[in-house]
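Here is what each chain is made of, one letter per residue.
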Amino acid sequence: MSVEDQQSGEDLDQEFDAVPEPSVDEDTEPVPSQVVPTGPPTGVMSAERLAIKSLEARLLGGERKLRRREVAAGAGVSVLSARKLWRALGFPNWGDEDVAFTERDQAALTTILDLVRAGLLTEEAAISVTRSIGQMTDRMVVWQVEALVEDMVQEQGIPDAVARKQLVNQLPALVDSLEEILVYSYRRQLNAGVQRLAVRAEAGLQASEEGREGDEDDAPLPLARAVGFADLVSYTSLSRRMNEKTLAQMVQRFENKCAEIISVGGGRLVKTVGDEVLYIAETPAAGAEISLALAHAFTEDEILPQARVSMVWGRILSRLGDIYGPTVNLAARLTSLAQPGTVLVDAMTAAALGQDERFVLVPQASENVRGFGEIHPVMLARGQGRGLVLD
């Protein structure tokens, strides 16, 4: 459970526990027949609270009965070591007397520790892997809750706050299916990641050797990738004029369209930050196809503004689900130089694409770019062929 989930649960507990006491005039004898009950009898939970408790027991694998020292002792580890893993998962810092854990918490802690004990993971690797799970599932849960709430608001015409309460009653019918899809997707993504990051890594480095002298800033980095950015034009000014609903729809439309195009092109969406998306592909041609498709899609879109797009073929470091290195920085700089609806690449990327008839490369005026000095941008345009075909 994330800190956000913990706080939300506490808020709900406070809300449904707070039953106001009737005011009584000290000089007036109360008339029993006129007293109107304001809530369930003392000690009886409201229906909402019962639903929350039932959902929590299902999600956590039972009622909270254990303190942190009991869980740590059951897993055969110190509280300090257990806290390192709990913090990696995003749990709050519970005290010694907080009854916050279930037997499933102890089993999960033991599972992680057994990987270290068996020598399959170092302690550092175990914490890093655990942190990846905590951060990704936290973001996933927030995304899913917001999507379900938004759907209820639109379909049922109820206020946001009401939808969030009613979601507690909807989730039990969804939990098992969502969990099954999560495990299925994890295995598929792990397989794709192994192929992309391990099996084909050497081939990518060999392909990136052409046109390089070996002393480039990114030369020591282990992966060769096409790195691209797409940035919506005038997003800031547009967002100021939009209400919450319209802005949410625009952001969702932007991310959905980007995710679809990048996926069809065989790339990977690394992250979306507001009006900008960062993506990678394994070859310069794949990166070019995705970049052109993105620029075209936003030019043709009736709702979204145009996008500035850039793409650079080079070497990167992949860590914590993100990517780093001079290639990423150069791609970001090129995005700010691109005209709306166009794609810019650097000279080395243009050289890698030069013999491919699917692309037209138009040299642009040299630019002085902070951190890179003088660079020679090249506009990428469609040549022969249809490009990416979306269903």
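In what follows, the accompanying structure is described. Not measured: the values here are computed from a predicted model.

**Brief notes about the side chain of Ser 46**
No. 1: The topology assignment puts Ser 46 in the loop between helix H1 (3–17) and helix H2 (47–60).
No. 2: Given a relative accessible area of 15%, Ser 46 falls into the buried group.
No. 3: In this structure the side chain of Ser 46 is engaged in a polar contact, spanning 3.2 Å, whose partner is the backbone nitrogen of Arg 49.

**Some thoughts on a nonpolar patch on the surface**
No. 1: On the surface, Tyr 186, Leu 190 and Val 194 cluster together into a nonpolar patch covering about 300 Å² of accessible area.
No. 2: Within the secondary structure layout, Val 194 lies in helix H8 (residues 175–199).
No. 3: Note on Val 194: relative accessible area 41%, which makes it partly exposed.

**Some words on the pairing of strand S4 (residues 307–319)**
No. 1: Pairing of strand S1 (residues 223–232) with S4, which is carried by ten bridges, proceeds in the antiparallel orientation. Each residue of the ladder has a partner; that of Gly 228, found in S4, is Met 311.
No. 2: Bridge analysis of S4 against strand S6 (residues 343–345) gives three bridges, and the strand direction is parallel. Paired with Met 311 across the two strands is Val 345, which belongs to S6.
No. 3: In this structure, S4 lies alongside strand S5 (residues 322–324), joined through three bridges in antiparallel fashion. Within the sheet, the bridge partner assigned to Ser 318 lies in S5 and is Ile 323.
No. 4: The hairpin turn running from S4 into S5, its antiparallel successor, is two residues long, and Leu 320 in that turn takes a positive phi close to 55°.

**Focus: the side chain of Thr 102**
No. 1: Checked against the element boundaries, Thr 102 lands in the loop between helix H4 (79–89) and helix H5 (103–117).
No. 2: Judged by its relative accessible area of 1%, Thr 102 falls in the buried class.
No. 3: If we skip the residues at most four places from it in the chain, Thr 102 touches Leu 60, Gly 62, Glu 63, Arg 64 and Leu 66.

**Focus on helix H6 (residues 123–156)**
No. 1: Taking 1.5 Å of rise per residue, the 34 residues of H6 would be expected to cover 50 Å, and the 49 Å separating its terminal C-alpha atoms lies within 8% of that figure.
No. 2: Buried within H6 are the following residues: Ala 126, Ile 127, Thr 130, Gly 134, Val 149 and Met 152.
No. 3: Gly 157 lies just past H6 and shows a positive phi near 65°.

**Let's talk about the pairing of S1**
No. 1: Most of S1 sits out of view: ten of its ten residues are buried.
No. 2: Both S1 and strand S3 (residues 276–281) contribute to a ladder of six bridges, which runs antiparallel. If you follow Gly 228 over to S3, its bridge partner there is Tyr 279.

What counts and what doesn't
Residues numbered from 1 in each chain as written. Predicted model: local features only at pLDDT ≥ 70, side-chain atom pairs only at ≥ 80, totals over all residues. Heavy atoms only, no water. Helix = DSSP H or I, 4+ residues; strand = E, 2+ residues; numbered from the N terminus. Buried < 20%, exposed > 50% of the residue type's maximum accessible area, 1.4 Å probe, protein only. Polar contact = N/O pair within 3.5 Å; in protein donor to acceptor, adjacent residues only side chain to side chain. Patch = residues over 30% accessible without salt bridge, like charges linked within 9 Å, V, L, I, M, F, W, Y side chains within 5 Å. Areas by Shrake-Rupley, 256 points an atom, 1.4 Å probe, with all protein chains shown as cover. Salt bridge = Lys/Arg side-chain N within 4 Å of Asp/Glu carboxyl O. Pairing = 2+ DSSP bridges. Contact = heavy atoms within 4.5 Å. Expected span 1.5 Å × (residues − 1).

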